[in-house]
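Residue-level listing of the chains:
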Amino acid sequence: SAETPPKEKYVRNIIMGSHKEGGASTFWSYALNLPLSSNSMISWKFCYVLHKLLRDGHRNAVADSYRRCRNVKDMGVLWGNLHDRYGHIVALSAKYLCLKMEFHAKHKVIPGNLEASDETVEREAGTDMTKVLDMTNELLDYMDAGLKMAETVLRQLDANGAKSTTPAGQCRLTPLIPLILDCSFLYHFSVRLMFKLHSIAPDVLLGHRERFRDLFTSLTQFFDRAREMEFFKSVIQIPDLPDAPPNFLRAAALAEYKKPVVVMPGEEQHEEEEVEPQPEFRESAQIPQYYLLSQMGGSEAPVEQRETETESLRRELEVLKPELQLIKNEAQRCVTELKAQVNRLEAEVEEQRTHKQVAMVENEHLRMEVEALRESSSSCHVCTGRAQAAELRFTQLKERHAELVTSHADLMKKNAETVKMLSSTKQDQDDLLRAKKQLESELENLRQQSTVLKFTQKLEIDRLRRELDSTRAELMRANSALQSKEMSGTQLNSTLAGLQAEREVLLRSVREQEAELNSLRQQAQLHHSSMEQERQRSSMELGSLHAQLQQQACREGELAQKLQEEQFCLLQCAVVEAEGIILDAVAKVDDPIHVRCISSPDYLVNRAEITLGSIDKMQQSHLVYLGNRNDASGLLRAVTQFSHLAADTIVNGAATSHSAPTDQADRLTDSCRDCANHCLQFLKDLKFQASLQRADPSAIRYTVQRILALGQDLRPKGQDVLKEELGSMVDKEMIATSTAIEEAVLRMDEILNQAKKDTSGVKLEVNQRYVCSCTIFYELGIRFHFISATDLQKDIVEGGRGAASVTEFYAKNSRWTEGLISASKAVGWGATQLLDSADRVVGENGTYEELIACSHEIAGSTAQLVAASKVKADRNNKKLKTLQQASRHVNDMAAVVVSSTKHGQMQISDHGVMDFSGMSLIKLKKEEMEAQVKVLQLESQLEQERVRLGELRKRHYDLANLEQPSFCLIQNNSCKSSC
């Protein structure tokens with residue numbers, strides 16, 4: 001659990017063990033026993049080991065781990081809800097691993113290390129637009145989760161000020177190495193599938209392009225940041241990404257795209273030392289597996305035995321290397337021989353094919369000659385011998401052709417066998433040539449980069465030359481412009497005389513314009529008179545429009561009156577229907593058949609409460625309708641709902657009276673009849689315009705409240721209002737206490753900052769010491785203790801309530817509930833008092849004794865909470881043990897606060913050295929007497945305060961006996977345990 005990176009030899013042993021076992025079952029059998037829910041450091045290292053196992057382990061490790069995906073997800077949710085140094089990154093890593101397992105479980109052809117060819121990925125995606133889109137979204141989600149984890153790790157590294165060369169920094173950065181490998185492949189696959197999507201339907205992929213651009217920016221920042229760190233420089237070579245993402249709208253951009261390749265130094269040596277000797281390990285002794293798990297806390301094998309076995313395996317590996325080299329040489333020789341044999345057989349096949357074609361041509365010629373001879377045999381008997389010889393030759397050629405066909409078939413069989421042997425050996429040769437091709441590609445990339453760099457430098461030189469030429473041209477233009485200005489100076493003098501002549505012409509034009517202005521004024525006066533006539537005509541038209549508007553208003557008033565009458569008719573119809581519902585309910589009250597119906601008081605109370613709510617709603621709707629009679633929809637709904645609820649209350653009240661005592665049954669039946677009469681009277685008032693204003697449901701409300709009171713009286717005695725109060729009080733008190741603790745943690749940081757501003761020297765050191773101890777006391781002591789108590793309380797309620805609700809469980813165990821509330825209040829009060837005391841001490845308005853007393857009070861309150869929880873909890877409950885352990889931790893942290901406070905108090909008191917060197921004998925005697933008097937006064941005051949403390953405790957216990965008699969013993973036990 002130390003903050004150091006996992007040792008790679010243990011991780012390699014786990015991966016080799018998965019290959020030997022053919023899966024990860026043994027790994028998970030050990031991993032499930034690790035304290036993943038209590039130690040974030042172990043959880044972080046477990047996520048790294050699982051990531052390495054999914055990448056480099058056996059192919060069945062993905063399927064075995066996917067069955068445990070729920071455990072990993074629960075671990076991530078747990079640490080995501082806790083405020084821990086590694087909790088957030090553990091939650092993000094768990095989310096990323098779950099997405100990785102789900103992706104590879106769905107797409108089994110893509111291995112865990114993502115080393116699949118482009119053809120495999122495109123074949124898995126298919127040609128269906130929906131399937132390609134789904135796989136692209138899965139790849140983007142996959143890469144997004146990994147980038148979020150990397151961003152959070154780097155941000156926390158900067159916040160903590162850790163360096164990549166320290167063990168703490170390497171512990172955080174080591175899991176990013178396999179993440180970089182995953183991200184390079186995910187980026188490549190995403191680019192391929194995005195090009196494929198844009199070749200099908202590019203118009204609907206704007207959101208995908210935006211999301212890919214954001215992920216490209218995050219990936220570039222991640223790679224640039226990792227490339228700058230010293231830790232990654234010696235471990236992994238991170239590729240450079242282009243300055244901008246590919247242009248998916250241009251199909252030619254796919255040919256310009258280059259796949260980013262991540263190189264691990266020593267990767268080929270690692271493969272030779274670990275992967276190739278695996279077949280020999282099947283015959284060797286049993287290998288100890290999963291050393292990293294033993295490092296985390298689950299091992300039993302001695303360290304010396306592991307080192308001895310590791311050394312023996314290393315020696316066996318050195319012995320196998322020469323044999324492996326011999327096998328490679330023999331395979332190369334076999335490949336060469338087989339290639340020569342294949343070439344020889346192909347030459348023979350080609351020769352036989354040539355002979356076959358020649359024989360077929362000769363056969364055809366002979367057949368034609370035989371047919372010609374047969375046609376001429378009737379006219380020439382001399383050619384008979386020649387024809388017989390030709391037929392004999394044809395027969396021989398036919399036999400030769402059959403032999404050639406047979407030998408050709410044999411050679412084809414041999415060629416197929418040779419090709420099979422060649423394909424088996426070619427695979428080994430391809431593995432040997434892969435590294436060479438990779439180096440050649442890197443060399444080609446470097447050459448291309450050098451060529452591009454030279455080309456850019458040449459372009460830059462050309463650009464500078466062009467700028468120099470343009471500068472020279474501008475200088476020449478400036479000189480020519482200066483000369484032209486000197487020439488234009490002489491021209492200005494001549495133009496000045498011309499301007500004076502133009503001035504005289506302008507003055508004459510001004511006089512002419514004034515004359516035109518006078519004529520325009522006369523025209524304006526004429527226009528004004530015409531406008532006055534137009535205004536009079538408009539006023540007459542406006543009067544006629546006003547008359548039309550008044551007519552329209554009268555017509556709208558008539559329509560509004562008609563609408564009001566229609567709305568009132570609808571209201572009357574609804575009221576008539578409501579009266580029928582109420583009358584039907586009253587008829588059931590007096591119906592002899594209804595005597596068999598029985599209802600519970602709880603249901604009657606529920607119906608009565610809902611009816612009271614509907615009465616309020618109906619009264620509000622009535623007021624709204626009186627204010628606006630054009631819309632009666634709200635009142636219609638309210639009347640309909642009220643009639644049904646009132647009838648339901650009346651019927652259930654009568655049914656409840658059938659099982660009630662005689663007196664209460666009579667009162668309940670009379671109340672139901674009164675309720676029905678008041679309802680009918682209220683509905684009667686709503687039916688007529690004259691009585692609509694004075695319709696008031698107050699009498700109905702009073703009778704329904706009376707029915708509600710009678711129903712509550714008929715309830716069983718154990719179920720009273722305290723039932724809801726206790727349930728809500730427990731939840732409220734727990735939330736209030738938790739809030740007080742969280743606020744205290746935040747307030748402590750403010751107090752510490754204030755102390756740094758206001759104090760210095762020894763005072764600042766003392767304040768920092770006890771404020772830091774109080775902060776740790778809050779975070780690691782009180783808060784964890786209260787969380788454990790809350791979990792145990794929920795466990796107690798869920799295990800003990802059975803089919804009942806949580807509120808009923810609290811009501812059934814009211815004494816225990818009151819004790820739990822009291823203990824929770826005590827914890828919250830103690831936490832608040834400690835915060836106030838610390839604030840006063842920092843501000844020099846309090847004493848250190850207040851801090852000590854508050855620490856003791858909190859320890860006693862937490863012990864009281866443990867005792868309250870222990871009453872109902874099972875003895876073997878794990879959460880109870882966790883709570884007890886947290887209580888002991890609170891006591892230890894309280895002791896730390898007390899000791900730091902006392903030490904600070906002593907440090908401050910020792911800081912002021914008493915110097916009596918300048919005092920005379922008489923002065924010293926006088927000071928001695930005054931000190932003795934002060935000591936006697938303080939001793940007397942101490943005795944009085946002790947008596948007062950005893951009386952206060954006695955009074956406290958008396959009040960506790962009066963308010964919570966069954967919980968007094970719990971408080972006494974808790975006080976003893978805290979002391």
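Since the model is a prediction, treat every value here as computed from it, not as a measurement. (Residues numbered from 1 in each chain as written. Predicted model: local features only at pLDDT ≥ 70, side-chain atom pairs only at ≥ 80, totals over all residues. Heavy atoms only, no water.)

A. Quick look at the overall build of the chain. A count of helices and strands for the chain gives 30 helices and zero strands. Split into buried and exposed, the 979 residues of the chain put 36% on the buried side. In the chain, the proportion of contacts linking residues at least 24 apart, taken out of those at least 6 apart, comes to 80%. Of the roughly 59,000 Å² that the chain leaves accessible, carbon and sulfur atoms contribute 54%. (Helix = DSSP H or I, 4+ residues; strand = E, 2+ residues; numbered from the N terminus. Buried < 20%, exposed > 50% of the residue type's maximum accessible area, 1.4 Å probe, protein only. Contact = heavy atoms within 4.5 Å. Areas by Shrake-Rupley, 256 points an atom, 1.4 Å probe, with all protein chains shown as cover.)

B. A look at the side chain of Thr611. Along the chain, the position of Thr611 falls in helix α19 (residues 601-627). Here Leu645 takes part through its backbone oxygen, which lies 3.4 Å from a polar atom of the side chain of Thr611. Side-chain polar atoms of Thr611 contact the side chain of Thr649, separated by 2.7 Å. Sequence-distant contacts of Thr611, defined by excluding residues within four places in its chain, comprise Leu645, Ala646, Thr649 and Val704. (Polar contact = N/O pair within 3.5 Å; in protein donor to acceptor, adjacent residues only side chain to side chain.)

C. The arrangement of the packing of aromatic side chains in detail. Taken as a whole and assessed by the stated rule, the structure comprises 15 aromatic pairs. Judged by centre distance (6.1 Å) and plane angle (35 degrees), the ring pair of Tyr187 and Phe216 falls under tilted. Residue Tyr187 is found in helix α10 (residues 176-200), and its partner Phe216 is found in helix α11 (residues 206-228); the two are separated by 29 residues along the sequence. We classify Tyr187 as buried; its relative accessible area is 2%. With a relative accessible area of 5%, Phe216 lands in the buried category. Plain terms: the ring middles of Phe231 and Phe232 are 5.2 Å apart, the flat faces sit at 75 degrees to each other, and that makes the pair edge-to-face. Note on Phe232: relative accessible area 1%, which makes it buried. An aromatic cluster of at least three residues, connected via ring pairs, comprises Tyr187, Phe195, Phe212, Phe216, Phe248 and Tyr257. (Phe/Tyr/Trp six-rings, centres within 6.5 Å; stacked < 30°, edge-to-face > 60°.)

D. Region of the structure containing the nonpolar core. Within the largest apolar cluster, 88 residues are counted, with the highest numbers of intra-cluster contacts made by Phe27, Leu176, Phe222 and Phe232. Among the elements that make up this core, the one with the highest residue count is α10 (15 residues). No fewer than three residues from each of domain 1 (1-101) and domain 2 (107-261) sit in this core. Those residues in contact with Phe232, other than ones at most four positions away along the chain, are Leu173, Leu176, Ile177, Ile180 and Ala226. The next biggest cluster of nonpolar side chains, apart from the first, holds 45 residues, and it includes Ala574, Val651, Leu683 and Val704. (Core = buried A, V, L, I, M, F, W, Y, C linked by side-chain atoms within 4.5 Å. Domains from an automatic or database assignment.)

E. Spotlight on helix α5 (residues 69-81). The terminal C-alpha atoms of α5, which comprises 13 residues, lie 19 Å apart, in line with the 18 Å expected from a rise of 1.5 Å per residue. Among all positions of α5, only Cys69, Val72, Met75, Gly76 and Trp79 are buried. Viewed along the axis of α5, the buried residues span an arc of 125 degrees, placing them on a single side of the element. Of the exposed residues in α5, those oriented more than 90 degrees away from the buried face are Arg70 and Asn81. Buried residues along α5 sit in contact with α2 (25-31), α3 (40-56), α4 (60-66) and α6 (87-106). (Expected span 1.5 Å × (residues − 1). Arc of directions from axis to C-beta.)

F. View of the side chain of His58. Relative to the elements of secondary structure, His58 occurs in the loop between α3 and α4. A distance of 3.1 Å separates the side chain of His58 from the backbone nitrogen of Asn60, its partner in a polar contact. With near-sequence residues (within four places) excluded, His58 lies in contact with Ser18, His19, Gly22 and Gly23.

G. Up close: the pattern of salt bridges. Counting across every chain of the model gives 26 salt bridges. In this structure, the salt-bridge partner of Asp182 is Arg55, at a minimum N-O distance of 2.4 Å. With Asp182 in helix α10 and Arg55 in helix α3, this pair connects stretches of sequence that are 127 residues apart. Exposure remark for Asp182: the relative accessible area of 0% places this residue in the buried category. The exposure class assigned to Arg55 is buried, which follows from its relative accessible area of 6%. Residues Asp674 and Arg706 are paired through a salt bridge, measuring 3.1 Å at the closest nitrogen-oxygen approach. With Asp674 in helix α21 (residues 662-687) and Arg706 in helix α22 (residues 698-714), the pair connects residues that are 32 residues apart, well separated along the chain. In the salt-bridge network here, residues are joined through shared partners; they are Arg55, Lys100 and Asp182. (Salt bridge = Lys/Arg side-chain N within 4 Å of Asp/Glu carboxyl O.)

H. Main features of the packing of helix α8 (residues 129-160) against α11. Contact geometry for α8 and α11: axes closest at 10 Å, N-to-C directions at 35 degrees. The two elements α8 and α11 meet at a crossing, and its hand is left-handed. Contacts between α8 and α11 involve Leu133, Asn137, Leu140, Asp141, Met143, Asp144, Leu147, Ala150, Leu154 and Asp158 from the former and His208, Arg211, Phe212, Leu215, Ser218, Leu219, Phe222 and Arg225 from the latter. Looking at the contact of α8 with α11 residue by residue, the class counts come to 10 nonpolar, three polar and five charged. (Axes fitted to C-alpha atoms, helices over the stretch in contact; angles between N-to-C directions. Left-handed = near helix turned anticlockwise from the far one by under 90°. Nonpolar A, V, L, I, M, F, W, Y, C, P; charged D, E, K, R; others polar.)

I. Focus on the confidence of the model for the chain. Predicted confidence across the chain gives a mean pLDDT of 77, with 79% of residues reaching 70 or more. Element-level pLDDT for the chain is lowest in helix α15 (residues 278-281), with a mean of 36, against a maximum mean of 92 in α6. Residue range residues 267-301 is modelled with pLDDT below 50. Its contacts to residues more than four positions away, or to other chains, number 65 contacts. Confidence drops under a pLDDT of 50 for residues 962-979, and excluding neighbours within four residues, the segment shows 31 contacts in the predicted structure. (pLDDT = per-residue confidence, 0-100.)

J. How the structure looks around unusual backbone geometry. The backbone of Leu114 sits at a positive phi, close to 65 degrees, despite the residue not being glycine. Mapped onto the elements, Leu114 comes out in the loop between α6 and α7 (118-125).

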